[in-house]
Amino acid sequence: MGGDRHSHRLEAHAAEILALIEATPDTTLAEMAAHPERAHGVRAAVSSVWRLLDRHGMSVKKTAHAAEQQRPDVRKRRWAWFERTKPGSTSPRA
């Protein structure tokens with residue numbers, strides 16, 4: 001009844017996927033899922049990669065700061081927002 005019947009296909013490439021994470025820690029689940037297909041013709045869903053990582057006791061988290069946050073226009077808007085929403089601010093919260 002139900003269950004994961006295809007994980008063995010991805011498990012065969014587990015060492016390679018785990019090495020990919022070591023080499024590029026900011027890689028996304030979608031990029032990890034695309035790797036076995038590019039390299040070996042083995043299609044993998046993002047959810048399958050997530051289960052693989054879970055079985056190996058690993059988790060992948062997004063970085064705290066997206067690259068676009070460093071752009072001058074984005075940085076200016078972010079600082080303005082932080083100032084408006086700071087506790088004790090007299091500016092109206094937007």
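The rules behind the values
- Residues numbered from 1 in each chain as written.
- Predicted model: local features only at pLDDT ≥ 70, side-chain atom pairs only at ≥ 80, totals over all residues.
- Heavy atoms only, no water.
- Helix = DSSP H or I, 4+ residues; strand = E, 2+ residues; numbered from the N terminus.
- Buried < 20%, exposed > 50% of the residue type's maximum accessible area, 1.4 Å probe, protein only.
- Contact = heavy atoms within 4.5 Å.
- Phe/Tyr/Trp six-rings, centres within 6.5 Å; stacked < 30°, edge-to-face > 60°.

Engineer: Would you take a moment to explain the overall build of the protein for this structure?
Structural biologist: Within the protein one finds five helices and zero strands. The order of helices and strands in the protein, counted from the N terminus, is α-α-α-α-α. Going through the 94 residues of the protein one by one, you find that 19% of them count as buried. The contacts of the protein with a sequence gap of at least 6 include a subset with a gap of at least 24, amounting to 47%.

Engineer: Can you walk me through the packing of aromatic side chains in this structure?
Structural biologist: Each aromatic ring pair is summarised here by two numbers: the centre-to-centre distance and the angle between the ring planes. Taken as a whole, this structure holds two aromatic pairs when the rule is applied. Each ring, one from Trp79 and one from Phe82, has its centre 5.8 Å from the other, and the planes form 75 degrees; the classification is edge-to-face. Taken as a pair, Trp79 and Phe82 lie in helix H5 (residues 72-85) at a separation of three residues, close to a single helical turn. Considering the side-chain rings of Trp81 and Phe82, the 5.3 Å spacing of their centres and the 65 degrees angle between planes classify their relative orientation as edge-to-face. For Trp81, a relative accessible area of 41% gives the class partly exposed. Among the aromatic residues, ring-to-ring pairing joins Trp79, Trp81 and Phe82 into one connected group.

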